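# Chain and residue survey
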Amino acid sequence: MTQLPQAPLHIIDIIRHKRDGLTLSDAEIQHFIRSVVDHSITDSQTSALLMAIFLRGLTPQELAALTTAMRFSGEVFDATPLHTFTIDKHSTGGVGDKTSLLIAPILAAAGLAAPTPAGIPGICVPMISGRSLGHTGGTLDKLETIPGFNTQLSLQQFFDTLKSCGASLIGQTPTLVPADRILYALRDHIGTIESPNLITASIMSKKLAESLNALVLDVKTGSGAFMKVYEDSKHLASLMVQTGTLAGTRTVALLTSMDQPLGRFSGNWVEVWECVDIMKQHRHPMSADLIALTNILSGWMLHLAGHADSPEAGAALANEILLSGKAFQAFLKIVQAQGGDITLFAGEANPATFHKPTATRTLKAETAGYLSSMDCTEVGWAVQRLGAGRAKPGDPVSAHAGIEVHLKLGDKVEPHQPLITLFAEDESLLAEPYEMLRYTLKITPNPPTVQSLIREVITAN
Ligand code: URA
């Protein structure tokens, strides 16, 4: 019997199928992504299909096919020649969330001694990170405040840094997952960012292009998260875990509270300073939540990599690595390997002396009570408008803009007590963020109920 030739695929049919609620085949999805990358379809056709996906959703099979097609739309990074366990952490974005700057050196320090006598392979952490997005900060913008630090390594330089340091932090290269770059830019303009399916395909295609053995996701929930409603965050976490698992990467998601900035500082250099302080054992009380989350996320990574019997044992090991100074040594090695000037924080050097905002103002409490709530997204926008973020893509960011929090939710407040100090490089940039913060920080006579930092852990089971 002769086979009928494969019917040619037409983008207009694919759009109509999704518009009418049909399930797309793997071939249709692959054709779509190929056409996006080779620019053989128009932006309006791509936008129409994105909107149809936004409205109609995707089956698990369609989501897996879309993620895979995007993952292989360009080059993929392959750390197999290192013979290590390759693992990464990804956060969906928050305010003051700087755990990557601590987790990469902790894992690098844990992995450098490996393989262990028991034959457990070493660890490698290829962190491909992002810039500030909306009200949230970006790991690359923070790292680039270290003079000389190069986040734009080629994939070969990335590989070499991983080989010598065990971890490396870079930005997305032009050749890695090009489909996401095109789709993301369009989504931003047509109101389809907030789709759990499209967010999953976007994030997971980039993470899976790192060819990971395992991935730990920090899915934020609360007023400072992109997904503010708990059930929505949980749905997103489940989709990401399911997609990673189907692709053969062990994936775990922690749902974590983002109702207030994480740690002491939010901004760019100030966040590097906070991490260096922690690694040099200067543990400020406002950094306690940051240290706890860092240890918990690192603990899961160490457990998945086979270096700890349980996530709890992993967290204890992570804390030990932080306290021993080994994480700081690993950090210095990574910064040096990526061209960064370590004289600002190595040895007796104090990173605080590099913090040079020309304008500061402190918001003080007007009444007594308890710090009970804030719109953390508004706090994030205040940080961005102080100069830490961009008004449009490509704008420079200020190294010294940011905020320092003096209290956490639930803390008792006396009248005139400092709540938040604002930093900027121009006096004129202080007024609007100051009012935003004054308006959003609520003090009440009774203590509030504060959500726990870790709300839930989602695994494939
Ligand atoms: N971050 C991404 O990389 N993609 C999204 O769609 C949302 C957040």
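Residues numbered from 1 in each chain as written. Predicted model: local features only at pLDDT ≥ 70, side-chain atom pairs only at ≥ 80, totals over all residues. Heavy atoms only, no water.

Take the packing of helix 4 (residues 60-71) against helix 10 (residues 230-246) next. Their axes nearest at 10 Å, the elements helix 4 and helix 10 cross at an angle of 65°. One finds that helix 4 runs roughly perpendicular with respect to helix 10. For the pair helix 4 and helix 10, the crossing hand works out as right-handed. Taken together, the residues of helix 10 that come into contact with helix 4 (itself represented by Pro60, Leu63, Ala64 and Thr67) are Leu239, Gln242, Thr243 and Leu246. Along the lines of polarity and charge, the residues of the contact of helix 4 with helix 10 split into 5 nonpolar, 3 polar and no charged. (Axes fitted to C-alpha atoms, helices over the stretch in contact; angles between N-to-C directions. Helix = DSSP H or I, 4+ residues; strand = E, 2+ residues; numbered from the N terminus. Parallel < 35°, antiparallel > 145°, perpendicular 65-115°, else oblique. Left-handed = near helix turned anticlockwise from the far one by under 90°. Contact = heavy atoms within 4.5 Å. Nonpolar A, V, L, I, M, F, W, Y, C, P; charged D, E, K, R; others polar.)

As a further point, take the sheet that holds strand 10 (residues 412-413). One open sheet accounts for 3 strands, arranged 10-8-12; its pairing is antiparallel. The sheet is open, and its two edges are formed by strand 10 and strand 12 (442-444), each paired on a single side. In this structure, strand 8 (residues 369-373) lies alongside strand 12, joined through 3 bridges in antiparallel fashion. Bridge pairing in strand 12 places Ser373 opposite Lys442. (Pairing = 2+ DSSP bridges.)

In this section: helix 9 (residues 196-208). In an α-helix there are 3.6 residues to a turn, and that puts residues three or four apart on one side. Compared with an ideal rise of 1.5 Å per residue, which puts 13 residues at 18 Å, helix 9 spans 17 Å between its outermost C-alpha atoms and is within 8% of the ideal. Burial runs high along helix 9: 11 of the 13 residues are buried. (Expected span 1.5 Å × (residues − 1). Buried < 20%, exposed > 50% of the residue type's maximum accessible area, 1.4 Å probe, protein only.)

Segmentation of the protein chain into domains returns domain 1 (11-57), domain 2 (80-344) and domain 3 (355-444). For domain 1 versus domain 3, the distance between C-alpha centres works out to 43 Å. (Domains from an automatic or database assignment.)

Let's shift gears to the pairing of strand 9 (residues 402-405). Burial along strand 9 is two-sided: Gly402 and Glu404 and Ile403 and Val405, pointing in opposite directions, are all buried. The pairing of strand 6 (residues 265-267) with strand 9 spans 3 bridges and is classified as antiparallel. Residue pairing in the sheet places Phe265 in a bridge with Glu404 of strand 9. Direction of pairing for strand 9 relative to strand 11 (residues 418-424): antiparallel, over a ladder of 4 bridges. When the sheet's bridge partners are listed, Glu404 is paired in strand 11 with Thr421.

Bringing the sheet that holds strand 6 into the picture now. Spatially, 6-9-11-7 is the arrangement adopted by the 4 strands of the open sheet, whose pairing is antiparallel. Every other strand in the sheet has two partners, leaving strand 6 and strand 7 (359-364) as the edge strands with one partner each. When strand polarity is set aside, the average angle formed by the axes of neighbouring strands in this sheet is 15°. Pairing between strand 7 and strand 11: 6 bridges, direction antiparallel. Looking across to strand 11, one finds that Lys364 is bridged to Pro418. Helix-sheet contacts for helix 16 (residues 431-440) involve strand 7, strand 9 and strand 11, and the interaxial angle to strand 7 is about 15°.

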